[in-house]
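Observations on the three-dimensional arrangement
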Amino acid sequence: MHKTVRTFAAALFRTKSLVVACLKRVGLRRAALPWLGVVSDTMRIVARRLYCGGDGWAEAIPTSAYFDDQDPELARSFADEAMSDTERYKGLFDYFLAGFLEFSAPSGERVSYPGFKGNKGRSVEGLEGFARTVPLFCAWLASGRPAVISDPRHPDIEVDLRDVVRRGILTGTDPASAAYWGDIVDYDQRIVEAADVALILWLSRDHVWSNFSPSQRHQVSSWLQQAAKRNVHANNWLLFRVQIIETLRSLGMPADEGLSAETYEQFKSLYLESGWFSDPPKGVDYYNPWAISYALFWIDQVNPAFDRMFIREALRQSGSLVLHLVGPNGVPIMGRSQCYRMAIPAPVVMQPALANVHIHPGQARRALDVVWKHFIARRGLAQGRAEQGYYQADPRFLDHYSGPGSCQWSLRSLVPAFLYPEHSAFWQAPQQALPIELADYRISLPKLGWIVEGHRASGEIVIRIPANGQQQNIVEGHSAARRFAERLLATPFRPFNDKAKYKNGVYSSTTEGLHSP
């Protein structure tokens, strides 16, 4: 019954999008028809309530006193120039491990962090907390670092990361368990999380997958195969299917190779330039580094024969572009899902693994370090997780689909970083200056519709979007009326702020205007 209701809700979502698109196509826009926004939002709310039934909305997850001390301590360590990078990032790893252990379910398959809830419901948001955090632990294992380490909260207690992964995966994929992650339907958020579950299995294959029994492998792969077969949105979601299928194949499990190839070609048609793709319906934004380049990297690692020449060149170019978008003063943020911001340098961090001689390992680590330093100094982490805003928690820029664990996609720059052994060039080579620290630059990207400028003297990085002219749109607040609607309807009613996110003429790495620390 529940599966049928969720399928109906997914259809209602698509109907809402189609209605709005048709009305816009004949010239009836929100500005001319105020009720269109009301109708659209109401349909979304009805569909979401049918989908998750307000699951867990009234349940507040209490914060942990442990992080009252750890949050400022982490900030101090990242401001301490005398501390080595390996020491600071080991502390950051421990911080996320502590958050995971503190807020994990007893059987380990979900992590329910405190914070603003999204519209997916407690069950799926707990899965997000697990699937978006555990790849970091698996990269640690894959690098050859020790599997058994101290619990950061209780140094006298040991934690076996292999057991953490094993318990969570086997519980979540077991249909007979009360903690089962659930069957997967078309356009299901579980498809997104299944791609990270696939990555978890691949990264830990020598530690966890190899020790599963045949029946356990069948159980886990059956859950992933559901995700591979479902309909997905024609955007970055296409790569989730490809990644899942290619991972299953690499692990020796049944998978539809033809569907993978067909899906990949559909996605590849979205290519624009500089390693970046259009990502409908929004177009060009930072989903390129933190979703698209990230997925392409793991597809290449899992199956090096999979369109390697194109993928590696796209990743090389994406890394070069992102290198010009990050600096000590932050990034010129725009677009949706801004709480994933610490993942932006991921394509740069990947370059040593791709043997790209044009980006030195020390420069790749510099790109990682300036971003994490910038956000940690501005309280971008809290309670063992990435905060739900650009700096601190900020519902004005928190999308309705983002719950407390969603922002753990920010860890996507740390996952490839921890894949490198501690004594590798990535961690041991001296940091090298970024483009913004060396000279001014101006990069024209006509297919992206962007001009990227760097001003060395001020450290400012700017994205200009000529098609938007001189627009600088007002940011709508999380008003009392919206907060009342949330309490009444048990679902997020946060402002979309799409115009401010996509329609400004200029986006800058300076903090004035759109965001302030």
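Every value quoted in this text rests on a predicted model; they were computed, and no experiment measured them. (Residues numbered from 1 in each chain as written. Predicted model: local features only at pLDDT ≥ 70, side-chain atom pairs only at ≥ 80, totals over all residues. Heavy atoms only, no water.)

1. Some points on the overall build of the chain
Looking only at helices and strands, one finds 20 helices and 10 strands in the chain. Excluding contacts between residues fewer than 6 apart, the proportion of contacts in the chain whose partners are at least 24 apart in sequence is 73%. Here the chain displays about 20,100 Å² of accessible surface, and carbon together with sulfur accounts for 55% of that area. (Helix = DSSP H or I, 4+ residues; strand = E, 2+ residues; numbered from the N terminus. Contact = heavy atoms within 4.5 Å. Areas by Shrake-Rupley, 256 points an atom, 1.4 Å probe, with all protein chains shown as cover.)

2. Side note on the pattern of salt bridges
The final tally for this structure, using the stated rule, is 31 salt bridges. With its nearest N and O atoms 2.4 Å apart, the salt bridge here joins R122 to E59. Of the two residues, R122 is situated in helix α5 (residues 122-131) and E59 in the loop between α2 (34-52) and α3 (66-79); the sequence distance between them amounts to 63 residues. In this structure R122 comes out as partly exposed when scored by relative accessible area, which is 42%. With a relative accessible area of 33%, E59 lands in the partly exposed category. Salt-bridge contacts for R396 lead to D394; the nearest nitrogen and oxygen are separated by 2.8 Å. (Salt bridge = Lys/Arg side-chain N within 4 Å of Asp/Glu carboxyl O. Buried < 20%, exposed > 50% of the residue type's maximum accessible area, 1.4 Å probe, protein only.)

3. Focus: the packing of aromatic side chains
The full count for this structure, using the stated rule, is 42 aromatic pairs. Above the plane of the ring of W202 lies R205, whose end atom (NZ or CZ) is 3.9 Å from the centre. The cationic tip of R336 hangs over the ring face of Y287; the distance from NZ or CZ to the ring centre is 3.9 Å. (Phe/Tyr/Trp six-rings, centres within 6.5 Å; stacked < 30°, edge-to-face > 60°. Lys NZ or Arg CZ within 6 Å of the ring centre and 35° of its normal.)

4. So, the confidence of the model for the chain
For the chain, mean pLDDT is 91; residues scoring 70 or higher make up 88% of the total. In this model, residues 26-35 is a region of pLDDT below 50 whose contacts with residues beyond four sequence positions or in other chains number nine contacts. (pLDDT = per-residue confidence, 0-100.)

5. Observations regarding the pairing of strand β9 (residues 460-464)
By the bridge criterion, five bridges tie strand β8 (residues 450-455) to β9 in an arrangement that is antiparallel. Bridge pairing links I451 to R464 in β9. What sits between β8 and β9 in their antiparallel hairpin is a turn of four residues, with G459 showing a positive phi close to 80°. Both β9 and strand β10 (residues 506-508) contribute to a ladder of three bridges, which runs antiparallel. Residue I463 lies in a different strand from β10, and its bridge partner there is Y507. (Pairing = 2+ DSSP bridges.)

6. A few points about helix α7 (residues 161-172)
With 12 residues, α7 extends 17 Å between its outermost C-alpha atoms, agreeing within 8% with the 16 Å of an ideal straight helix rising 1.5 Å per residue. Listed in full, the buried residues belonging to α7 are L161, V164, V165, G168, I169, L170, T171 and G172. (Expected span 1.5 Å × (residues − 1).)

7. Quick notes on the packing of helix α8 (residues 189-203) against helix α9 (residues 214-229)
One can describe the packing of α8 onto α9 by two numbers: an axis separation of 9 Å at closest approach and a directional angle of 140°. In terms of their interaxial angle, α8 and α9 are classed as oblique. The chirality of how α8 crosses α9 is left-handed. Contact with α8, carried on its side by R190, I191, A194, V197, A198 and L201, involves V220, W223, L224 and A227 of α9 and no other residues of that element. (Axes fitted to C-alpha atoms, helices over the stretch in contact; angles between N-to-C directions. Parallel < 35°, antiparallel > 145°, perpendicular 65-115°, else oblique. Left-handed = near helix turned anticlockwise from the far one by under 90°.)

8. Some points on the packing of α5 against α8
When two helices pack together, their arrangement is given by the angle between the helix axes and the distance between those axes. In the contact formed by α5 and α8, the axes pass within 9 Å of each other and the chain directions differ by 25°. Of the possible angle classes, the one that applies to α5 and α8 is roughly parallel. Where α5 crosses over α8, the handedness of that crossing is left-handed. Where α5 approaches α8, its residues S123, V124, L127, E128, F130 and A131 are matched on the opposing element by Q189, R190, E193, D196, V197 and I200. Residues of the contact of α5 with α8, tallied by class, amount to six nonpolar, two polar and four charged. (Nonpolar A, V, L, I, M, F, W, Y, C, P; charged D, E, K, R; others polar.)

9. Let's talk about the nonpolar core
Residues L92, I169, W372, L381, L414 and W450 are the most contacted members of the largest nonpolar core, which totals 142 residues. Ignoring sequence-local partners within four residues, the contact set of W372 consists of F78, Y89, L92, F96, M342, L381, S410, L411, S413 and L414. (Core = buried A, V, L, I, M, F, W, Y, C linked by side-chain atoms within 4.5 Å.)

10. Let's talk about the sheet that holds strand β7 (residues 441-445)
Hydrogen bonds between backbone atoms are what pair the strands of a sheet, whose relative direction is either parallel or antiparallel. Pairing is antiparallel in the open sheet, where four strands are placed in the order β7-β8-β9-β10. Edge positions in the sheet fall to β7 and β10, since each of these pairs with one other strand and no more. The mean inter-strand angle of the sheet, taken between neighbouring strand axes irrespective of direction, is 15°. Across five bridges, the pairing between β7 and β8 is antiparallel. The partner of I443 across the bridge, within β8, is V452.

11. What to know about α5
Counting buried residues in α5 gives eight out of 10 residues, a clear majority hidden from the surface. Residues of α5 that are buried: V124, E125, G126, L127, E128, G129, F130 and A131.

12. A look at the side chain of H478
Assignment of secondary structure puts H478 in the loop between β9 and α19 (480-489). Discounting residues that sit within four places of it in the chain, H478 has contacts with P395, R396, R483, E486, F493, R494 and P495.

13. Let's talk about the environment of L325
Relative to the helices and strands, L325 is located in the loop between α13 (308-323) and α14 (346-349). Between the C-alpha atom of L325 and that of L434, which follows or precedes it by 109 residues, the distance is 9.8 Å. The contact partners of L325, leaving out residues within four places of it in the chain, are W276, Y286, G330, V331, P332, W450, V452, I461 and I463.

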